[in-house]
Amino acid sequence: MKIVFATHNNNKLTEVKRLVPKYITLLSLADINCFEDIPETADTIEGNAKQKANYVTKHYGLPCFSDDTGLLVDVLNGEPGIYSARYAGEQKNADDNMNKLLNNLKNNTNRNAHFKTVIALNLNDEQHIFTGIANGEITTTKQGKKGFGYDPIFKPNGYTKTFAELPLDVKNKIGHRGKAVEQLITYLKSINSINSLRNTTNI
């Protein structure tokens, strides 16, 4: 099974490739020669995920899935939310984004936050939505060199290290994207099993 993961983010691609079964071949946007910036103008995380998946379906006619992720901080009323990637400006610089968030939380003892990933899958003329959430808190300083985005300042509940300090396998198991992808894979496996049964029984 070949399916497009509608992303230009190689870090995301690496994470997801570690999770999918071998019989699923992931194609990136670059693999299908899609180099334009797909619009993300919805006012919700789910809306942006749907928008990106629908763009690939409309313009390339391929089975695909897209994800959108936001970091939501309780005391900031859900900021940065849908603006997570460009919180500090259109340059989409991770360090700038983290610095702005840390500054906005300066001297604040309530640092509770959660990551939310929504995946929109377009397959066989149907759309399916999968959601993963990781609860935690924002640290006061950047910690760790792994991961990407806000990983160096997000410490998941139950752990003493940030996402940027944890091994990728651990992050995938407990993280928002990993949880959403797990639901996606469960669904794709069910489709694969049905197709295998049909081929076996000549249905």
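All chains use their own residue numbering, which begins from 1 and follows the written sequence. Totals for whole chains, interfaces and linings use all residues, but because this is a predicted model, local features are given only for residues with pLDDT of at least 70 and pairs of side-chain atoms are given and counted only at 80 or more. With hydrogens and water excluded, all non-hydrogen atoms of the structure serve as input to the side-chain values.

Enquirer: What am I meant to see in the side chain of R111 here?
Expert: Note on conventions: DSSP H or I runs of at least 4 residues are helices, E runs of at least 2 residues are strands, and numbering of each starts at the N terminus. Summarising the element assignment, R111 is placed in the loop between α3 (94-104) and β5 (112-123). A distance of 3.0 Å separates a polar atom in the side chain of R111 from the backbone oxygen of L105. Counting of polar contacts relies on pairs of N or O atoms within 3.5 Å, with two restrictions inside protein: one atom must be capable of donating a hydrogen and the other of accepting it, and residues adjacent in sequence are counted only when both atoms are side-chain atoms. Among the polar contacts made by the side chain of R111, one reaches the main-chain carbonyl oxygen of T139 at a distance of 3.0 Å. Any pair of residues with heavy atoms lying within 4.5 Å of one another is described as a contacting pair. Residue contacts for R111: discarding those within four places in its chain leaves L102, L105, G136, E137, I138, T139 and T140.

Enquirer: Would you mind going over the pairing of strand β3 (residues 64-73) with me for this structure?
Expert: Each regular strand carries side chains that alternate between the two faces of the sheet. Three labels apply to residues, based on accessible area from a 1.4 Å probe with only protein chains included: buried if under 20% of the type maximum, exposed if over 50%, partly exposed otherwise in between. Within β3, 10 of the 10 residues are buried, which leaves it mostly tucked inside the rest of the structure. Residue alternation in β3 divides its side chains into two sets, C64, S66, D68, G70 and L72 and F65, D67, T69, L71 and V73, and both sets are buried. Between any two strands, pairing holds if DSSP finds at least two bridges. Here strand β1 (residues 2-5) pairs with β3 via 2 bridges, running parallel. Within β3, the residue paired with V4 across the bridge is C64. Sheet topology note: the β3/β5 ladder contains 10 bridges and is antiparallel. Bridging from a neighbouring strand, L72 pairs with H114 of β5. As judged from the 2 bridges shared by β3 and strand β4 (residues 80-81), these two strands associate in the antiparallel manner. In the sheet register, L72 faces β4, and the bridge partner there is P80. Counting the residues that bridge the hairpin from β3 to β4 gives 6 residues, and of these N77 lies at a positive phi of roughly 55°.

Enquirer: Please explain the packing of aromatic side chains as it appears in this structure.
Expert: Two measures describe an aromatic ring pair: the distance that separates the ring centres and the angle between the ring planes. Ring pairs are drawn from Phe, Tyr and Trp, using the six-membered ring of Trp, whenever the two centres fall within 6.5 Å, and their geometry is named by plane angle: stacked under 30 degrees, edge-to-face over 60, tilted for the rest. Going through the model one piece at a time under the given rule, you end up with 5 aromatic pairs. Feature note: the residues F115, F154 and F163 constitute an aromatic cluster, connected by ring pairs. Look at NZ for Lys and CZ for Arg. If either is within 6 Å of the ring centre and within 35 degrees of the ring normal, a charge sits over the ring. Directly above the aromatic system of Y87 lies the positively charged group of K100, at a separation of 4.4 Å from the ring centroid. Across the ring face of F163, the terminal group of K171 is positioned such that the distance to the ring centre comes to 5.6 Å.

Enquirer: What am I meant to see in unusual backbone geometry here?
Expert: Most peptide bonds take the trans form, and the phi angle of most residues other than glycine is negative. Cis geometry marks the peptide bond from E79 to P80; its omega dihedral reads -5°. Looking at where P80 falls in the secondary structure, it is placed in strand β4. Non-glycine residue N77 carries a positive phi angle of around 55°. A positive phi angle is found at K92, which is not glycine, with a value near 55°. Mapped onto the elements of the fold, K92 is located in the loop between β4 and α3.

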